[in-house]
Every structure is written in C-alpha cells, then in structure tokens.
Amino acid sequence: MSTATDPQPQTPPQAPEPPQQQPQPPQAAVDPLMTLCLVLVVVLVLGGAGYLCIVHPALIAPIAAVAGVAAALAAAFAVVIAIRRH
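Residues numbered from 1 in each chain as written. Predicted model: local features only at pLDDT ≥ 70, side-chain atom pairs only at ≥ 80, totals over all residues. Heavy atoms only, no water.

Right, let's get into the overall build of the chain. Looking only at helices and strands, one finds 2 helices and 0 strands in the chain. Counting every position in the chain, which comprises 86 residues, the buried fraction comes to 0%. Entry remark: accessible area of the chain is about 8,300 Å², with carbon and sulfur atoms responsible for 73%. (Helix = DSSP H or I, 4+ residues; strand = E, 2+ residues; numbered from the N terminus. Buried < 20%, exposed > 50% of the residue type's maximum accessible area, 1.4 Å probe, protein only. Areas by Shrake-Rupley, 256 points an atom, 1.4 Å probe, with all protein chains shown as cover.)

For the rest of this paragraph, the subject is a nonpolar patch on the surface. Together, Y51, L52, I54, V55 and L59 give the surface a local cluster of nonpolar side chains, amounting to about 480 Å² of exposed area. Along the polypeptide, V55 turns up in helix α1 (residues 32-55). (Patch = residues over 30% accessible without salt bridge, like charges linked within 9 Å, V, L, I, M, F, W, Y side chains within 5 Å. Salt bridge = Lys/Arg side-chain N within 4 Å of Asp/Glu carboxyl O.)

Nothing here speaks to function; it is geometry throughout.
Take a look at the structure:
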C-alpha cells in the first residue's frame, strides 16, 4: 500500500472563532484608612481656617480667595480621577 495514492482525509472548514475579550482587572476598592485620613485632613484644615477667620477677621478675604481656588482645583482633580477610573 502506498500512501501517495491514499486520499487525504478532509476536515470540515471551521468557522472563525470570535475574538475573546480580555478579562478586566478588578476595580480597586476605596481604602477605608485613606478615606479616614482624607476626612481628618479636610476637617483639620477647614477647622483651622475657621478659627483664623474668627480670631483674625482681617484674614477672611485672603482665606476666602485661597479657598475658592482650592475648591476649583479639587473639582478639576475629582473630574480627572473619575474619568480615569472608567
């Protein structure tokens, strides 16, 4: 028997496989310790600013100006972080 004359086995054509989705990395949860530290820092800074405004009324205008800029920067950073997470 010669293998040259034997017919080759025909395999049925296979449908192309759909591309597999890569698994998404798990979303990092909010660390409770970092949240606690952030809250403590914010409370201390706001408390210190409030104390300065009460004790030294002449500092109200400069502290309000700095607070306005800080609020705008905090909002911008929050938007950037929110966009990067999605």
